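Listed below, chain by chain, are the residues.
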Amino acid sequence: MLATGSGSSSSTAAVSSRMDVDEYSAFKGNQDGFTLPWVEHYRPKLLRDIVGNEDTVSRLSIIARDGNMPNIIISGPPGIGKTTSILCLAHELLGSQAKEAVLELNASDDRGIDVVRNRIKMFAQKKVTLPEGRHKIIILDEADSMTPGAQQALRRTMEIYSSTTRFALACNMSSKIIEPIQSRCAILRYSRLSDEQVLKRLLEICKFETVEYVPEGLEAIIFSAEGDMRQAINNLQATHSGFGFISYDNVFKVCDQPSPQVLGAVITACMKGDVDSAVEQLQKFWVDGYSGVDIVGTLFRVVKFHAMPEYMKLEFIREIGNTHMRMIEGVQSVVQVSALAARLCNLAAN
């Protein structure tokens, strides 16, 4: 998740909101030495810069204004700004003292009970002079990866040190957090970003980085990202670095996904009952090295936006879903992909 600057201000103004003048001068003077990826370079520092989930972000803004932060859990899909929101909140609450008053751990790595008993407990006991009404903050990223034992140990630590320390947990699925911790936290849920929100941010970055593009190229990036801002920014940078131009073909060469245009032609062939053409194109994807799950997953997304009668679309989606279920269970072969094309043709004929 990334900042939504005005887009109309000068490049200097756009950068100055994210780095100080000396850093910006060093960047402009020696771009070869500036190695930050765009997803980090354009990570917002303030809550008002965050894209999407406006209602939830506004609640965090109220917490930052009032200063009394509760223990919070932010859940949602990857790449939509959960960790960024917590970091922005910590920055606005603690300002320059954030370095010594914030402990950030990624629970994917540090997820055992020893981490809770040692690092987290020691930080909670640490004495830090803060303004009245402010607390130390412990950020646990990917908290749903913590072991059950670590979560059980954490709930007691949250109670004992509640007067000086508050916890912020970011996770993909809040259901994997044990109930005692959920009851001690305010739960905020984030949803995927809309295509318009992702496009707005991509256009701002293209303008600042002088990226050459065509609209079809940006549409391809948005299609491949599926509401994940992090992936959209990474795909934009990877395509720009590899080809120097953002076009439809270049994006899918970098993303290595089956082409939606070709799959759209497969759906059209199925609707006409042309099973030979549909099977031939699907088998070509298989020969090119795409897995059955890649093909079926992209086919499902193409069908959702295909211009066909609604009743036929529902039947196609059901059949694709059944095939995807078989593949997830382990039956992945070119026969499954070919049989799917035949069943879709049969549906259209009936």
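About the thresholds
Residues numbered from 1 in each chain as written. Predicted model: local features only at pLDDT ≥ 70, side-chain atom pairs only at ≥ 80, totals over all residues. Heavy atoms only, no water. UniProt positions renumbered as here; feature names shortened; annotations may be inferred. Pairing = 2+ DSSP bridges. Helix = DSSP H or I, 4+ residues; strand = E, 2+ residues; numbered from the N terminus. Axes fitted to C-alpha atoms, helices over the stretch in contact; angles between N-to-C directions. Contact = heavy atoms within 4.5 Å. 1 Å grid on protein atoms, 1.4 Å probe; cavity = no way out; pocket = protein on both sides within 12 Å on 5 of 7 lines; lining within 4 Å. Points joined across faces, edges and corners; volume = space filled by probe spheres on them. Nonpolar A, V, L, I, M, F, W, Y, C, P; charged D, E, K, R; others polar. Buried < 20%, exposed > 50% of the residue type's maximum accessible area, 1.4 Å probe, protein only. Right-handed = clockwise from strand over helix to strand, strands pointing away. Salt bridge = Lys/Arg side-chain N within 4 Å of Asp/Glu carboxyl O. Expected span 1.5 Å × (residues − 1). Disulfide = S-S within 2.5 Å. Polar contact = N/O pair within 3.5 Å; in protein donor to acceptor, adjacent residues only side chain to side chain. Core = buried A, V, L, I, M, F, W, Y, C linked by side-chain atoms within 4.5 Å.

The protein chain is annotated in an unreviewed UniProt entry as AAA+ ATPase domain-containing protein from Chytriomyces confervae. Under the heading Sequence similarities (unreviewed entry), UniProt records this for the protein chain: "Belongs to the activator 1 small subunits family." You can read under Subcellular location (unreviewed entry) in the UniProt record for the protein chain the words "Nucleus".

This part takes up the sheet that holds strand 1 (residues 72-75). Across the sheet, which stays open at both edges, the five strands sit in the order 2-3-4-1-5 with parallel pairing between neighbours. For this open sheet the edge positions go to strand 2 (102-106) and strand 5 (186-189), each flanked by a neighbour on one side alone. Here the average twist between neighbouring strands, direction ignored, is 15°. As paired elements, strand 2 and strand 3 (residues 136-141) share five bridges and run parallel to each other. Bridging across to strand 3, E104 finds its partner in I139. Against the sheet, helix 4 (residues 54-66) engages strand 1 and strand 5, with an angle of about 145° to strand 5.

Going through the model one piece at a time under the given rule, you end up with two cavities of 30 Å³ or more. There is about 40 Å³ of room inside the largest cavity. Surrounding the largest cavity, G67, M69, L93, L94, G133, R134, H135, K136, I137 and R166 form its lining. Contributions of two or more residues to the lining of the largest cavity are made by helix 5 (82-94) and strand 3.

Turning our eyes to something else, we now look at the layout of surface pockets. Where empty space is left can be seen by rolling a probe of water-molecule size over the atoms. The volume enclosed by the largest pocket comes to roughly 490 Å³. Lining of the largest pocket is provided by 17 residues; of these, E219, I222, F223, R301 and F305 occupy positions nearest its centre. Top element by residues in the lining of the largest pocket is helix 11 (residues 215-225). It accounts for five residues. Classifying every residue of the lining of the largest pocket by side-chain character gives nine nonpolar, two polar and six charged.

On to the pairing of strand 4 (residues 165-171). By the criterion of burial, strand 4 is predominantly enclosed, with seven of the seven residues buried. Here strand 4 shows two buried faces, one formed by T165, F167, L169 and C171 and the other by R166, A168 and A170. Sheet topology note: the strand 1/strand 4 ladder contains four bridges and is parallel. Looking across to strand 4, one finds that S75 is bridged to C171. One ladder, built from five bridges, connects strand 3 with strand 4; its direction is parallel. Looking at strand 4, one finds that L140 is bridged to L169. In this fold, strand 3 hands off to helix 8 (residues 148-160), which returns the chain to strand 4; that crossover is right-handed.

Scanning all chains against the criterion turns up nine salt bridges. A salt bridge links E319 to R343; its shortest N-O distance comes to 2.8 Å. With a gap of 24 residues between them, E319 in helix 17 (residues 310-328) and R343 in helix 18 (residues 334-349) connect regions that are remote in the sequence. Each of R156, E159 and R184 takes part in salt bridges that share partners, so that together they form one network.

What follows concerns helix 16 (residues 292-304). Three or four residues apart is the spacing at which side chains of an α-helix point the same way, because the helix has 3.6 residues per turn. With 13 residues, helix 16 extends 19 Å between its outermost C-alpha atoms, agreeing within 8% with the 18 Å of an ideal straight helix rising 1.5 Å per residue. Along helix 16, the residues classified as buried are G292, I295, V296, T298, L299, R301, V302 and V303. The inward-facing, buried residues of helix 16 contact helix 11, helix 14 (260-271), helix 15 (275-287), helix 17 and helix 18.

Now for the state of the cysteines. Summed over the entire model, instances satisfying the criterion amount to zero disulfides. Unpaired in this structure, C171 has its nearest cysteine sulfur neighbour in C185, at a distance of 9.6 Å. Assessed through its relative accessible area of 1%, C171 is described here as buried. Unpaired in terms of disulfides, C270 finds its nearest cysteine sulfur in C345, a separation of 4.0 Å.

Turning our eyes to something else, we now look at the side chain of S85. Looking at the secondary structure, you find S85 in helix 5. One polar contact links the side chain of S85 to the main-chain carbonyl oxygen of G81, over a distance of 2.7 Å.

A word on the nonpolar core. In terms of nonpolar packing, the biggest core is built from 79 residues, with L60, L89, L202, L236 and F316 touching the most fellow members. Residues in contact with L202, not counting those within four places in the same chain, are L218, I221, I222, A232, I233 and L236. By size, the runner-up hydrophobic cluster in this structure holds 22 residues, among which are L103, I120, C171 and C185.

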